[in-house]
Amino acid sequence: MSELRELYQEVILDHNKNPRNFKKLELHSHHANGHNPLCGDKLELFLDVVEGIIKDISFVGSGCAISTSSASLMTQFLKGKSIVETRHYFEDFHDLVTGKELDEEALEGLGKLAVFAGVQEFPARVKCASLSWHTLINALDSVDEPAATE
Amino acid sequence: MFDINKVRSDFPILGTAVYGKPLVYVDNAASTQKPQQVIDSITDLYSNHYANIHRGVHHLSQKSTALYEGARETVKNFINASKVEEIVFVRGTTEGVNLVASSYLEPLLEPGDEILISEMEHHSNIIPWQLTAERTGALLKIIPLLENGELDLSALPDLLSPKVKLVAVTHMSNSLGTINDVSLIIGQAHGLGIPVLIDGAQSIAHMPIDVQKLDCDFFVFSGHKIYGPTGIGALYAKENHLLNMKPYQGGGDMILNVSFEKTEFNDIPYKFEAGTPNIEGTIGMAAALDYVSELGIEAIDKYEQELLAYASKRFSEIEGLQIIGTAPNKGCIISFVLEGIHPHDVGTIMDMEGVAVRTGHHCTQPVMDYYNISATTRVSLSFYNTINEIDEITRAIAKVKELMG
Ligand SMILES: Cc1ncc(COP(=O)(O)O)c(C=O)c1O
């Protein structure tokens, strides 16, 4: 049970029930669809990037608690961050959920996203947590096909 | 009734624990666990009898061949085919369907011809027909689903026409549990001279199968879903179909005589078994069929129906739980959704309670589309499950609701 509480922390449950930035952005510079064929999770991500800074970011879609809350927390976290930073955060987040060694500074940098550390105990759920991030990278690279996890 | 404790003790894996909790294995529709008898049959083969089959004059090759061909006899008896020549060993249901699509159907198809399947098919009984249709200009037609998970067989007379060259339907749905009235489908199709393939992947382990009584033209199943090894299955086809079908793959064992100008193909069923086959799988599958026969498929069916009735009752008492697939005639599969909780989360939490369920679309995306859902949680039972385990599952579902609520 303790691993489960570790996975389904209050923050995660809260963001699953009330996802933040859950809307389409009419005005956006980047956009991508993400799909996890294994469990049917689907999400659509919108970004408004001005001069290398994420001015606004939002998503819509349906998925499990891990993928929905991950998308929600990601959008909150990235608002105001630069594209360059964002790519670093992607690497750090990926290391976090796959259980790779993360230095103190990197962990601190992820702020609230650290709640997803519990995912590393559940290898089958890593794809849920990282779907929104893979979609984000696809949007930034402007790949038009839906992002597949891994 | 059989002795459930004795039965459970035949399956070593059922005595193991997951995260410190006793394993409750209810993912039987995906694959079943193996009894010691099956494990021993493979060990015995490799320890005492193994050599390549059909080719050697030496002692071991003859022993191996006898076991392999004995397995064909076992399959024939299990599904009551009239001849051993009607049993072709394949890798599984999927390969059986592909074999019929390429060797039987494809050479017959003209542009505009139709292949009739149903809305509840497993992807394995959709894609091979889709590929064949693409190559020939034929069309795929669909028998629609009804809300309770039955097929709308009232649509059948309109769907059947001389354009239809084959009907392929599942005997029992792997995502809904529905047992289809295949006798009615076969009767109507045969009325127009249309052959019928039955996907027996799910039905084989849960009900008596008599291919002569069904009068189906083709019947396919997988060994691993009836307590046997993976990588082996069987295709039953009526002799006259097999005689007229072209080979599936070329290679050793499927020929009588080879020169660079011309090859003379072997007799049926060998014509469809190119290369060294899955010898241990075949023998292990026969051991599994013997095991099931010994328990008695009628006794199994009766016990599993009791489990199904109890589980359906317990689950439907859970608030916010909706069972997907409520046909009156069902096998022991229960798919459900929980209000506001994604099946993937349900699966993870139940796993931590030791309960192995399947979550997802179960390779039946058209069924998910019909119900407008992306996934379900599926409990699929077997004769080695118990009433007590169903109580454990019910408790695990309550835990899911508590944690996610
Ligand atoms: C109804 C049905 N048909 C076909 C298959 C495919 O079987 P296999 O993967 O063993 O070839 C399955 C297995 O999941 C099934 O449940």
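Residues numbered from 1 in each chain as written. Chains lettered and ligands numbered in written order. Predicted model: local features only at pLDDT ≥ 70, side-chain atom pairs only at ≥ 80, totals over all residues. Heavy atoms only, no water.

1. Describing the overall build of chain A
To keep it simple, the criterion reads: Helical segments are the DSSP runs of H or I of at least four residues, strand segments are the runs of E of at least two, and each set is numbered from the N terminus. Burial classes: relative accessible area under 20% of the type maximum marks a residue as buried, over 50% as exposed, and values in between as partly exposed (1.4 Å probe, protein chains only). Every residue pair with non-hydrogen atoms within 4.5 Å of one another is taken to be in contact. The method behind every accessible area is Shrake-Rupley, applied with a 1.4 Å probe, and residues are considered shielded solely by the protein chains displayed.
A tally of helices and strands in chain A yields six helices and four strands. Listed by position from the N terminus, the elements making up chain A come as α-α-β-β-β-α-α-α-α-β. Every one of the 150 residues in chain A was classed for burial, and the buried ones make up 53%. Long-range pairs, those at least 24 residues apart, make up 58% of the contacts in chain A between residues at least 6 apart in sequence. Summed over its atoms, the accessible surface of chain A is roughly 7000 Å², and 50% of this surface lies on carbon and sulfur atoms.

2. Structural notes on the pattern of salt bridges
The following threshold applies: Between Lys or Arg on one side and Asp or Glu on the other, a salt bridge is scored when a side-chain nitrogen of the former is within 4 Å of a carboxyl oxygen of the latter.
Within the structure shown, the criterion is met by 25 salt bridges over all chains. In this structure, D345 of chain B engages R125 of chain A in a salt bridge whose closest nitrogen and oxygen atoms are separated by 2.8 Å. With D345 of chain B in helix α12 (residues 343-352) and R125 of chain A in the loop between α5 (104-109) and α6 (126-140), this residue pair bridges two chains. The burial state of D345 of chain B is the same as that of R125 of chain A; both residues are buried. One network of salt bridges, with partners in common, ties together K313, R314, E317 and D391 of chain B.

3. Quick look at the pairing of strand β3 (residues 53-62) of chain A
Keep this limit in mind: The pairing criterion for strands is at least two bridges between them, as found by DSSP.
The sheet contact formed by strand β2 (residues 41-50) of chain A and β3 of chain A spans nine bridges and is antiparallel. By the bridge assignment, L45 of chain A is partnered in β3 of chain A with F59 of chain A.

4. A few points about the packing of aromatic side chains
Short version of the rule: Here the aromatic set is Phe, Tyr and Trp, taking the six-membered ring for Trp, and pairing holds for ring centres within 6.5 Å; pairs whose planes are under 30 degrees apart are stacked, those over 60 apart are edge-to-face, and all others are tilted. Lysine and arginine charges are scored as sitting over a ring when NZ or CZ, respectively, is within 6 Å of the ring centre and within 35 degrees of the ring normal.
What the rule picks out here adds up to 18 aromatic pairs over all chains. An angle of 70 degrees between the planes, with centres 5.7 Å apart, marks the rings of F383 of chain B and Y384 of chain B as edge-to-face. Of the two residues, F383 of chain B and Y384 of chain B, neither departs from the other in class, the shared state being buried. Members of the aromatic cluster, connected to one another through ring pairs, are F11, Y227, Y291, F383 and Y384 of chain B. Its guanidinium or amino end placed over the ring of F77 of chain A, K81 of chain A lies 4.4 Å from that ring's centre, counting from NZ or CZ.

5. Concerning helix α11 (residues 297-316) of chain B
How we decide: Here a helix's expected span is defined as the number of its residues, less one, multiplied by 1.5 Å.
With 20 residues, α11 of chain B should cover 28 Å at 1.5 Å per step; its first-to-last C-alpha distance of 28 Å lies within 8% of that length. The secondary structure elements touched by the buried residues of α11 of chain B are α1 (4-9), α10 (279-295), β13 (321-324), β14 (333-338), β17 (376-380) and α14 (387-404) of chain B.

6. Remarks on the domain arrangement of chain B
Residue and element names in this part refer to chain B. Filter applied, for reference: Marked domain ranges trace back to an automatic or database domain assignment. Buried surface area refers to the total accessible area, computed with a probe of radius 1.4 Å, that the two partners give up upon joining, counted for both partners together. N or O atoms within 3.5 Å of each other form a polar contact, as long as, within protein, one can give a hydrogen and the other can take it, and as long as residues adjacent in sequence are counted only when both atoms are side-chain atoms. Residue polarity follows a fixed list, in which Ala, Val, Leu, Ile, Met, Phe, Trp, Tyr, Cys and Pro are nonpolar, Asp, Glu, Lys and Arg are charged, and the others, Gly among them, are polar.
When cut into domains, chain B gives domain 1 (4-30 + 296-404) and domain 2 (39-294). Relative placement of domain 1 and domain 2: their C-alpha centres are 28 Å apart. Contact residues are listed per partner, giving 38 residues for domain 1 and 34 residues for domain 2. Summed over both partners, the interface of domain 1 with domain 2 buries about 2800 Å², with 56% contributed by carbon and sulfur atoms. Taken together, the links from domain 1 to domain 2 amount to 23 residue pairs in polar contact (both at pLDDT 80 or more). Looking at the side of domain 1 that touches domain 2 residue by residue, the class counts come to 21 nonpolar, 11 polar and six charged.

7. Looking at the side chain of S203 of chain B
Mapped onto the fold, S203 of chain B is located in the loop between β8 (196-199) and α8 (211-214). The contact partners of S203 of chain B, leaving out residues within four places of it in the chain, are H171, M172, I209 and F219 of chain B.

8. A word on the site of the ligand
Residue and element names in this part refer to chain B. To be explicit about the condition: Near residues are defined by distance, with any heavy atom within 4 Å of the molecule or strand qualifying the residue.
Neighbouring residues of the ligand: T93, T94, H122, S124, T170, N174, D199, A201, Q202, S222, H224 and K225. Contact distances for the ligand include 2.5 Å between a nitrogen atom and a side-chain N or O atom of D199. In the model, an oxygen atom of the ligand is placed 2.8 Å from a nitrogen or oxygen of the H224 side chain. Expressed as a share of its isolated accessible area of 400 Å², the protein-covered part of the ligand is 85%. Among the residues making up the shell around the ligand, the classes are represented as one nonpolar, nine polar and two charged.

9. As for helix α3 (residues 59-78) of chain B
All names here are of chain B. The end-to-end C-alpha distance of α3, which contains 20 residues, comes to 29 Å, matching closely the 28 Å that a straight helix rising 1.5 Å per residue would cover. For α3, the full list of buried residues reads S61, S64, T65, Y68, A71, R72, T74, V75, K76 and F78. Positive phi shows up at N80, right after α3, with a value of about 55 degrees.

10. So, the nonpolar core
Formally: Working definition of a nonpolar core: buried Ala, Val, Leu, Ile, Met, Phe, Trp, Tyr and Cys residues. They are joined through side-chain atoms within 4.5 Å.
In this structure, F116 of chain A together with F315 and F383 of chain B are the most contacted members of the largest nonpolar core, which totals 151 residues. With 10 residues, the single largest contributor to this core is α10 of chain B. Structurally, this core is a two-domain feature, drawing no fewer than three residues from each of domain 1 (4-30 + 296-404) and domain 2 (39-294) of chain B. When near neighbours in sequence (up to four residues on either side) are disregarded, F315 of chain B contacts L321, I323, I334, F336, V379, I390, I393, T394 and I397 of chain B.

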